[in-house]
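# Per-entry structural report
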Amino acid sequence: MLQEHILNHRRSIETTKIFSNDKLKKATNNYDESRVLGKGGYGIVYKGVLPDNKEVAIKKSKICDKSQIEQFINEVILLIQINHRNVVKLIGCCLETEVPLLVYEFVTNVTLFDHIHDISRAFSLSWEKCLKIATETARTLAYLHSETSMPIIHRDVKSTNILLDDNYIAKVADFGVSRLIALDQTEITTLVQGTLKYLDPAYFQTGQLTEKSDVYNFGVVLAELLTGEDAISTNRPETYKSLSIYFVSAVKADRLFDILEDHIVNEGNIEPLKEVANLAKGCLRLRGEDRPAMMEVATKLEGLRIMEKHPREKDNQITQGMEYLPDTPTLPFNIDNGASSSVSVVSGHDSMINQLLKPLDDGR
């Protein structure tokens, strides 16, 4: 099936290599434990070194079942159509093994999640770097939604799927559950998939997947980047275990600067921080149709970066475009789950939804 798809995409023949199992074994020293870059519910990622000394990341699924084969093929098909500097490049794959193997470019500086939540790394994320990473990620998602031959919904945007290189250039990764959307469609009904603590509540309730689900995910990442808080945390009060609820409540109550990471705040960036916080709040609106499009988010973040670089050249039109977004409700996830927990449930299971989604008393 994969070979058939590859033949249908001329660019993939030119750029996507088919690796032998022996070559990848040698590249990873027979998948030595010391070569492990990361582990998750999907499997393991190893660092490999090819004969030409090129460093690569090799993704090896844990179990080979039908759904994983489909995700493997899905990821290859999508990535061979994407050519963007902020998307992790697929170099090739191995078709010989029972367990699918994907070979990616090696990104040197671990994940955004690591930089946010590892105390030894967190202080390296200055305000300028945070804004740069947010802008590059938003621009990439806008590209996927608006500039590919068929719109692509990532469906699992989270800080562990945003890699950083030595220059803090953001690279969006992991397209295993992503979906192509026909140009004449605005939404598709699908099995609910993604990481639970980032999941769009509207998508969870209805199973209707739209580009606005990525917008919600990105809003959670923005809140995570600004506060240093995890998307779901038992260290916060029960009502605020969900970062989206905690963050939006603080912005509404004018307590934003009580929850921001201290090291990103300085006298010169108070207003831009407010603008980004309100943009995040808009992304976290309960109803997808009330959220901004990813292109709008990217444009606003680009405008803020321009103002940061050239403060004397602030354009009134850009400033006016940064007005606070109106208050709208969000819905909490009162869920205990680990960093790598993910959800794959049929949207019609009302009892599951009722258990996981508990609106606040004020109707948010």
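Described below are features of the structure shown in this document. (Residues numbered from 1 in each chain as written. Predicted model: local features only at pLDDT ≥ 70, side-chain atom pairs only at ≥ 80, totals over all residues. Heavy atoms only, no water.)

Let us look at the overall build of the protein chain. A count of helical and extended segments in the protein chain gives 15 helices and 14 strands. Within the protein chain, the fraction of its 364 residues that count as buried is 54%. Sequence-distant contacts in the protein chain: of pairs separated by 6 or more residues, those separated by 24 or more amount to 66%. (Helix = DSSP H or I, 4+ residues; strand = E, 2+ residues; numbered from the N terminus. Buried < 20%, exposed > 50% of the residue type's maximum accessible area, 1.4 Å probe, protein only. Contact = heavy atoms within 4.5 Å.)

Counting through the fold element by element, Glu296 comes out in helix H13 (residues 294-309). Overall, Glu296 belongs to the partly exposed group, its relative accessible area being 34%. For the pair Glu296 and Arg139, spaced 157 residues apart in sequence, the C-alpha separation works out to 9.6 Å.

A few words on H13. In a regular helix each residue adds 1.5 Å, so 16 residues correspond to 22 Å; H13 covers 23 Å between its end C-alpha atoms and thus fits that length. Met294, Val297, Ala298, Lys300, Leu301, Gly303, Leu304, Arg305 and Met307 are the residues of H13 that are buried. (Expected span 1.5 Å × (residues − 1).)

Notably, Arg155 is not glycine yet its phi reads approximately 75 degrees, a positive angle. Residue placement: Arg155 occurs in the loop between strand E7 (152-153) and strand E8 (162-164). With relative accessibility at 5%, the residue Arg155 sits in the buried group. Its identity as a non-glycine residue notwithstanding, Asp254 has a phi of 60 degrees, on the positive side. Its place among the elements puts Asp254 in the loop between helix H10 (243-252) and helix H11 (256-259). Judged by its relative accessible area of 70%, Asp254 is exposed.

With that settled, consider the side chain of Thr137. Considering the arrangement of structural elements, one finds Thr137 in helix H7 (residues 127-146). Sequence-distant contacts of Thr137, that is, excluding residues within four places in its chain, are made with Ile162, Ala170, Val172 and Phe218.

We now examine the packing of aromatic side chains. Taken as a whole and assessed by the stated rule, the structure comprises two aromatic pairs. Considering the side-chain rings of Tyr31 and Tyr46, the 5.1 Å spacing of their centres and the 65 degrees angle between planes classify their relative orientation as edge-to-face. Taken together, the residues span a long stretch of sequence, with Tyr31 in the loop between helix H3 (21-27) and strand E2 (36-40) and Tyr46 in strand E3 (residues 43-49) at a distance of 15 residues. In this structure, Tyr31 and Tyr46 share a single accessibility class: buried. Positioned over the ring face of Tyr168 is Lys129, at 4.1 Å from the centre of the ring. The cationic tip of Arg236 hangs over the ring face of Tyr246; the distance from NZ or CZ to the ring centre is 5.1 Å. (Phe/Tyr/Trp six-rings, centres within 6.5 Å; stacked < 30°, edge-to-face > 60°. Lys NZ or Arg CZ within 6 Å of the ring centre and 35° of its normal.)

This brings us to the packing of H7 against H13. Between H7 and H13, the least distance of the axes is 8 Å, while the angle of their chain directions is 150 degrees. Classified by the angle their axes make, H7 and H13 are roughly antiparallel. Crossing handedness for the pair H7 and H13: left-handed. Mapping the contact onto sequence places Trp127, Glu128, Leu131, Lys132, Ala134, Thr135, Ala138, Arg139, Leu141, Ala142, His145 and Ser146 in H7 and Met294, Met295, Val297, Ala298, Leu301, Glu302, Leu304, Arg305 and Glu308 in H13. Of the residues contributing to the contact of H7 with H13, the split by class is 12 nonpolar, three polar and six charged. (Axes fitted to C-alpha atoms, helices over the stretch in contact; angles between N-to-C directions. Parallel < 35°, antiparallel > 145°, perpendicular 65-115°, else oblique. Left-handed = near helix turned anticlockwise from the far one by under 90°. Nonpolar A, V, L, I, M, F, W, Y, C, P; charged D, E, K, R; others polar.)

Further remarks concern the side chain of Asn269. Relative to the helices and strands, Asn269 is located in the loop between H11 and helix H12 (270-283). With relative accessibility at 1%, the residue Asn269 sits in the buried group. A distance of 2.6 Å separates the side chain of Asn269 from the backbone oxygen of Ile264, its partner in a polar contact. A distance of 2.9 Å separates a polar atom in the side chain of Asn269 from the backbone nitrogen of Asn266. Excluding residues that lie within four positions of it along the chain, Asn269 makes contacts with Trp127 and Ile264. (Polar contact = N/O pair within 3.5 Å; in protein donor to acceptor, adjacent residues only side chain to side chain.)

We now examine the nonpolar core. Judged by nonpolar contacts, the single largest core of 74 residues is most densely connected at Leu112, Phe218, Leu226, Phe247 and Leu301. Contacts of Leu226, omitting those with residues within four sequence positions, involve Trp127, Phe247, Leu260, Glu261, Ile264, Leu273, Val276 and Ala277. Listed in part, the 13 residues of the second largest apolar core include Phe19, Ile58, Ile91 and Val103. (Core = buried A, V, L, I, M, F, W, Y, C linked by side-chain atoms within 4.5 Å.)

Turning next to the environment of Tyr203. Secondary-structure assignment places Tyr203 in helix H8 (residues 201-206). Once the C-alpha coordinates of Tyr203 and Tyr216 are considered, the two residues, 13 residues apart in sequence, prove to be 10.0 Å apart.

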